[in-house]
Amino acid sequence: MPGPRTPLADSPHCLIVDDEPALRQLLVHLMCDVGFSCIEAGDGEEALAALARHEVTLVLSDLRMPKLDGLGLLAEIHRRSPDTAVVLITGVADVKIAVSALASGAMDYITKPFHVEEVRVRVEQAMERRRLILENRGYHERLREKVALQARRLEELFLASVQSLADALEVKDPYTRGHSERVSHYCGVLAREMGLSSELLRRIELGGHVHDIGKIGVREDVLNKPAKLTKEEYQHIMTHPMVGWKILAPLLADTPEALNIVRSHHERFDGRGIAMTSDRPYRLRLSMEEAIAEIVRCSGAQYDPAVVEAMMRAVDAGRLGLVKRAGVMEAA
Ligand SMILES: [Fe+2]
């Protein structure tokens, strides 16, 4: 197999494939004249061997050849290095095939007999087309990067506004200070324990972070009442999941899992209505160990057993940020 005819390091490589040596030589001279480094091949198989050794910008190939013909070669080039421009050289009788080859990715075709000047012009056009295709792809890639960057920025701004909502709630309801962040943290630990995808985990953490936002709509005297709630007060406070859902629905349209957490975070696993709320100022605080025992006791009724199991694994492995002190579980 002859090597490149013009050993210029920076000139693009042109592979000339034709089973007629005289025609091949003519094309080699012509392409060297216009600044290519030329490689020759006598058929499609030789061409593929040459392509494996050289980085080729342009392939000028005969259509009818022994072994692998021009169409077979075109398909293979398209598969292996789609950025290589292929121009087919065809007999007049093969024009229909050549036109269909354009649909399969050929840049152009030249009919035999051809004029030298015609080959020059067609090759120039094919190279210009290739350049535009590559440039266009570059624009698309840069645009994609820019869109991804802006999406990240938007998400940061969005999270900042969610954070300020959560802050506003904590000002109004000091009893739950740090509560949203702890819930978000525990949600993340359990989601990871259950092997959920990182995207779903992120959405669940977000849901945990904003789950109580609706308490912004709860009267402060009810929110902070240091005594047992009346039935009316209880009903009022339990509007907060729906209020939160209404506040966040337009903001969290792309993360329905987070919205579901906000709307359903007091619902029982067994579908029997609302679960007991424990974050009341008058209620005596359970120790961490008592709280865990209560969750295990209510597994299958108030709580999803799969999540309770994940929680126990996380507790046993020390991944929930809890430590045992003198036999009692505490937040670390
Ligand atoms: Fe709540």
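Residues numbered from 1 in each chain as written. Predicted model: local features only at pLDDT ≥ 70, side-chain atom pairs only at ≥ 80, totals over all residues. Heavy atoms only, no water.

### Some thoughts on the overall build of the chain
A count of helical and extended segments in the chain gives 13 helices and seven strands. Since a compact globule built from 332 residues should have a radius of gyration of about 20 Å, the 35 Å found for the chain marks it as more spread out than a globular shape. Structurally, the chain occupies a C-alpha span of about 100 × 40 × 35 Å along its principal axes. Counting the 332 residues in the chain, one finds 38% classified as buried. Counted over contacts in the chain with a minimum sequence separation of 6, partners at least 24 positions apart contribute 62%. When the accessible area of the chain is evaluated, it comes to approximately 18500 Å², of which 57% is carbon and sulfur surface. Each charge sign in the chain was given a centre, from 43 positive and 49 negative side chains, and these centres are 6 Å apart. (Helix = DSSP H or I, 4+ residues; strand = E, 2+ residues; numbered from the N terminus. Rg over C-alpha atoms; globule rule 2.2 N^0.38 Å. Buried < 20%, exposed > 50% of the residue type's maximum accessible area, 1.4 Å probe, protein only. Contact = heavy atoms within 4.5 Å. Areas by Shrake-Rupley, 256 points an atom, 1.4 Å probe, with all protein chains shown as cover. Lys, Arg positive; Asp, Glu negative; His and termini not counted. Charge placed at Lys NZ, Arg CZ, Asp CG, Glu CD.)

### Looking at the pairing of strand β2 (residues 37–41)
When you tally the buried positions in β2, you get five out of five residues, the bulk of the element. Alternating positions in β2 separate into two faces, S37, I39 and A41 on one and C38 and E40 on the other, with burial throughout. Direction of pairing for strand β1 (residues 13–17) relative to β2: parallel, over a ladder of five bridges. Bridging from a neighbouring strand, C14 pairs with C38 of β2. Each parallel crossover has a hand, and the one from β1 via helix α1 (residues 21–33) to β2 is right-handed. (Pairing = 2+ DSSP bridges. Right-handed = clockwise from strand over helix to strand, strands pointing away.)

### Digging into the coordination of the iron ion
Where a metal carries four tetrahedral donors, each ideal angle is 109.5 degrees; where it carries six octahedral donors, the ideal angles are 90 or 180 degrees. Listed as protein donors to the iron ion are D212 (OD), H240 (NE2), H265 (NE2) and H266 (NE2); their distances from the metal cover 2.1 to 2.3 Å. Coordination at the iron ion is irregular: its four donor atoms span angles of 85 to 171° at the metal. Residue classification places H266 among the buried positions, given a relative accessible area of 9%. (Donors = N, O, S within 2.8 Å, 3.2 Å for Na, K, Ca; no water. Tetrahedral: all angles 85-135°; square planar, octahedral: opposite > 155°, others 65-115°.)

### Side note on the sheet that holds β2
A sheet is described by the order of its strands in space; here five strands give the open sequence β2-β1-β3-β4-β5, paired in parallel fashion. On the outer flanks of this sheet lie β2 and β5 (108–112), each paired with one strand and no other. Each neighbouring strand pair of the sheet contributes to a mean axis angle of 20°, computed without reference to strand direction. Bridging between strand β4 (residues 85–91) and β5 involves five bridges; their strand directions are parallel. Along β5, the bridge assignment pairs G91 with K112. Lying over the sheet, helix α2 (residues 44–53) contacts β1, β2 and β3 (58–62), oriented at roughly 165° with respect to β1. Relative to the sheet, helix α3 (residues 70–80) contacts β1, β3 and β4, its axis offset from that of β3 by approximately 160°. (Axes fitted to C-alpha atoms, helices over the stretch in contact; angles between N-to-C directions.)

### As for the domain arrangement of the chain
By a widespread convention, an interface's size corresponds to the accessible area lost as its parts come together. Assigned domains within the chain: domain 1 (13–141) and domain 2 (173–331). Placing the centre of domain 1 and that of domain 2 at their C-alpha centroids yields a distance of 66 Å. (Domains from an automatic or database assignment.)

### A closer look at the pattern of salt bridges
Tallied over the full model, the rule gives 24 salt bridges. D83 is the salt-bridge partner of R137, the closest N and O atoms lying 2.7 Å from each other. Of this pair, R137 sits in helix α5 (residues 116–172) while D83 sits in the loop between α3 and β4, placing them 54 residues apart in sequence. Exposure remark for R137: the relative accessible area of 37% places this residue in the partly exposed category. (Salt bridge = Lys/Arg side-chain N within 4 Å of Asp/Glu carboxyl O.)

### Observations regarding unusual backbone geometry
Of the consecutive residues K112 and P113, the connecting peptide bond is found in the cis state with omega at -5°. In this structure, P113 sits in the loop between β5 and α5. Here the phi dihedral of K67 falls at roughly 55°; this positive angle occurs in a residue that is not glycine.

### Points about the state of the cysteines
Going through the model one piece at a time under the given rule, you end up with zero disulfides. C32 forms no disulfide, and the closest cysteine sulfur to it belongs to C38, at a distance of 3.6 Å. Looking at C187, it has no disulfide partner, and the nearest cysteine sulfur is the one in C298, 18 Å off. (Disulfide = S-S within 2.5 Å.)

### Remarks on the packing of helix α12 (residues 288–297) against helix α13 (residues 305–316)
Across the interface, α12 lies against α13 with an axial gap of 10 Å and an inter-helix angle of 150°. Looking at the two axes, α12 sits roughly antiparallel to α13. Crossing angle aside, the handedness with which α12 passes α13 is left-handed. For the pair formed by α12 and α13, the contact residues are I292, I295 and V296 on the first element and V308, M311, M312 and V315 on the second. (Parallel < 35°, antiparallel > 145°, perpendicular 65-115°, else oblique. Left-handed = near helix turned anticlockwise from the far one by under 90°.)

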